[in-house]
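Given next are the chains, with one letter for each unit.
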Amino acid sequence: MCGIIGFTGHLDATKVLTKGLAELEYRGYDSAGIAFFENEEIRTIKTAGKVACLKEKVEASTINDATCGIGHTRWATHGGVSDTNSHPHTFGNVTLIHNGIIENYKELQAELALQGKTPISQTDTEIAAMIIDDCFDGDPIEAIKKADARLDGQYGFCIMFKGIPGKIFCIRNGSPLVATHTEKGSVIASDMVALIDYSKDYFVLPEHVIATLTAEDITLVDLEGNNVEPEMLHVDWDIEAAMKGGYDYFMLKEIHDQPAALMNTITPRIKDGLPTFEADNVPDEVFTNCNRILITACGTAMHAGLVGKNLIERIARVPVTVDVASEFRYNDPIMDEHTLVITISQSGETADTLAAIRLAKEHGAKTLSIVNVKGSTIARESDYVLYTHAGPEIAVASTKAYTVQLSVFYLIAARFALVTNKFTEDDARDYITKLQQAIESVNEVLANEKDFEDVSASLDTAENLFYIGRGLDYCLAMEGSLKLKEISYIHSEAYAAGELKHGTISLITEDMPVIAIATQNGVYSKMISNIREVKARGAKVILITNGDDQNVDESICSFQVSIPKIDDMFAPFTTSVVIQYLAYFCAVRRALNVDQPRNLAKSVTVE
Ligand code: F6R
């Protein structure tokens, strides 16, 4: 969601800020703005629309010697998309940018109204600026401390005070802020993608700790006035990882990144051919003490959890339930100290997923998270973390982050089975070999890219479609359907193939294409029967299969997409790439913004 950048130092701040905002565009936004000190005065330039519009406005302005400023991309929550509602917001002595939601802004607004103070925007953020100004008596740190006690909700703020040039003050509750200092100055941002130009070493601003950024250094104090030492982290990817590398879109690049990302994720966790989480400090007791697993996450990450459930139940024989995180905590889940709650998150900042972890801990359950972003809130708040090594994922539609999440579930299932004696060491070695082979075979799918474009062309006029499958293929159908809706705007529904005839088959006509996934041996013949049922009602069928069934011809499908023949338990890796390509090419053929689909944010930091 909202992107934040702040800089003070020895560079042209307007250039640093607009560049940083362009790097944060992928988070999703609808307006952008910057504020900076110019001759000791704070000046603001902001606009509804893209960072490119903001940049034009900035470049058309005469700006003298700006070396300290803050910049923001806004994803509207309170108040429509307009210049006025864009950040930064100024009230009195305070100019600030904000990522999050001030939940008690209505009450605070009423309090301020009693003093005759009224905002000019419809945003909760302007109320926060008014409250900080209300608390300001010449000392920024004191004002922020007092305001922190009055604000409820979630926030990451970068604040500049009139008459205090060269300094940026920051505080957060929930919303992420990461910072670094180099000889060029101090930089703070909502994520590493905007910092990597300056340093690979950074720290996460601890919650309710106030950071003061100057050109010389960054100092941290807690709300009691104690100095706080930042805990430095290091990213293991380079600036190139956050660039398109010659591909038309980040999504395409990220589809191609998958074999390497998968290998980077599993290889450190395989020792002597066996799965191990020793280096991750996840002890085997996490599995041996557990009699029930609850998996919770959002969107694509939740779909990875569905595959995880299938694998864990199949080979470790422990019951698993999966729930979307936005429902999880309202469903009063049954948890105790023998429950393992597994959460999955690329960003590590998804508000609902984080809330689920906090609830699980209140119930005494153990929490294990699968996270891509190092040092993120979900990673820090979980008892155990298994980091995925996808590198930065810039396209809003998740691709490589999803498949690496799958790979971690394959390892969890195997380790669980091994330490609870459901697997012998030989079983586990055999399984790991198959996992490695499955990842290798992703390269074969990538080599057939052109075929997927041809198949996608058959969906050029489609407005609705069904994705169907059984077992693991149904989990993949759900992900395929989400991916397609998200970026191509084709309405699609994922259905368990055997369930269609219980109502939904009434929607099948020649105008309703069906993408059928049939990779699972145990249900293959049943799946083919289900395909015949939709074909008989006129549907155009695209069949994704790893079979070499002689009976599969144009009488049951208009297009057949063949994926490499591997052990069917491992088919999700290759199938994932196919469904990603189908969504990608459908969106490209409709000339849509593949990387930044409308209304969506990459990191969903509000509930
Ligand atoms: C879809 C997509 C989203 C995310 C979801 C959770 O392509 O990316 O559905 O999977 O918003 O995000 P994270 O994984 O950051 O918690």
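It should be noted that the structure appears before, not after, this text.
All figures in this text were calculated on a predicted structure; none of them were measured in a lab. Per chain, the residues get numbers from 1 upward, laid out in the order the sequence is written. With the structure being a predicted model, the display of local features is reserved for residues of pLDDT at least 70 and the display and counting of side-chain atom pairs for 80 or more, all residues being used for whole-chain, interface and lining totals. Heavy atoms from the whole structure form the basis of all side-chain values; hydrogens and water molecules are not counted.

**As for the overall build of the protein chain**
Move 1: In DSSP terms, a helix is any run of H or I states spanning at least four residues, a strand is any run of E spanning at least two, and both are numbered starting from the N terminus. Counting its regular elements, the protein chain contains 18 helices and 26 strands.
Move 2: It is over C-alpha atoms that the radius of gyration is taken, and the globule rule equals 2.2 Å times the number of residues to the power 0.38. The C-alpha atoms of the protein chain give 25 Å as radius of gyration, which agrees with the globular expectation for 607 residues (25 Å, within 12%).
Move 3: Projected onto the principal axes, the alpha-carbon positions of the protein chain cover approximately 80 × 55 × 45 Å.
Move 4: Classification of the 607 residues of the protein chain by burial places 60% in the buried group.
Move 5: Relative to all contacts within the protein chain whose residues are 6 or more apart in sequence, the contacts with residues 24 or more apart total 72%.
Move 6: For accessible areas, the Shrake-Rupley method is used with a probe of radius 1.4 Å. Any residue's cover is judged against the shown protein chains and nothing else. Of the roughly 22,700 Å² that the protein chain leaves accessible, carbon and sulfur atoms contribute 48%.
Move 7: By the counting scheme adopted, Arg and Lys are positive, Glu and Asp are negative, and His together with the chain ends is not counted. To locate a charge, take atom NZ for lysine, CZ for arginine, CG for aspartate or CD for glutamate. Within the protein chain, one finds 53 positive and 85 negative side-chain charges whose respective centroids are separated by 3 Å. Per-residue accessibility, obtained with a 1.4 Å probe over protein chains only, is compared with the maximum for each type, and a residue is labelled buried under 20%, exposed over 50%, and partly exposed between these values. A contact between two residues is defined here by any heavy atoms of the two lying within 4.5 Å.

**Focus: the pattern of salt bridges**
Move 1: Salt bridges are identified by distance alone: a Lys or Arg side-chain nitrogen within 4 Å of an Asp or Glu carboxyl oxygen. The tally for this structure, following the rule as stated, stands at 29 salt bridges.
Move 2: Close ionic contact of Glu-23 with Lys-19 constitutes a salt bridge, the shortest N to O distance being 2.8 Å. Taken together, the residues Glu-23 and Lys-19, both in helix H1 (residues 13–24) and 4 residues apart, mark about one turn of the helix.
Move 3: The class of Lys-19 is partly exposed, set by a relative accessible area of 37%.
Move 4: Notably, a salt bridge pairs Glu-393 with Lys-602, separated by 2.7 Å at the nearest N-O pair. Taken together, the residues span a long stretch of sequence, with Glu-393 in the loop between strand S21 (384–387) and helix H13 (400–419) and Lys-602 in the segment after helix H18 (572–589) at a distance of 209 residues.
Move 5: On the accessibility criterion, Lys-602 (13% relative accessible area) is buried.
Move 6: One continuous salt-bridge network, built from bridges that share partners, spans Glu-111, Lys-117, Asp-134 and Arg-150.

**Regarding the site of the ligand**
Move 1: Taken together, the neighbourhood of the ligand is formed by 13 residues, with Ser-345, Gln-346, Ser-347, Thr-350 and Glu-486 sitting nearest.
Move 2: Two N or O atoms form a polar contact when they lie within 3.5 Å of each other; inside protein one atom must be a possible hydrogen donor and the other a possible acceptor, and for residues adjacent in sequence the pair counts only when both atoms belong to side chains. One of the side-chain nitrogen or oxygen atoms of Glu-486 is found 2.8 Å away from an oxygen atom of the ligand.
Move 3: Here the ligand, which alone exposes 410 Å², has 89% of that area covered by the protein.
Move 4: With a 1 Å grid spanning the protein atoms alone, the term cavity applies to any set of points in which a 1.4 Å probe fits but cannot get out, the term pocket to an open set with protein on both sides within 12 Å along at least five of seven lines, and the term lining residue to any residue with an atom within 4 Å of a point. For a molecule to be placed in a cavity or pocket, more than half of its atoms must lie within 2 Å of the grid points of that cavity or pocket. The pocket occupied by the ligand, as judged from atoms lying within 2 Å of grid points, is the second largest pocket.
Move 5: At 3 residues, helix H9 (residues 299–316) tops the list of elements feeding residues into the shell around the ligand.
Move 6: For this scheme, ten residues count as nonpolar: Ala, Val, Leu, Ile, Met, Phe, Trp, Tyr, Cys and Pro. Four count as charged, namely Asp, Glu, Lys and Arg, and the remainder, Gly too, count as polar. Looking at the shell around the ligand residue by residue, the class counts come to 4 nonpolar, 7 polar and 2 charged. Distances are taken per atom, and a residue is near a molecule or strand as soon as one of its heavy atoms is within 4 Å of it.

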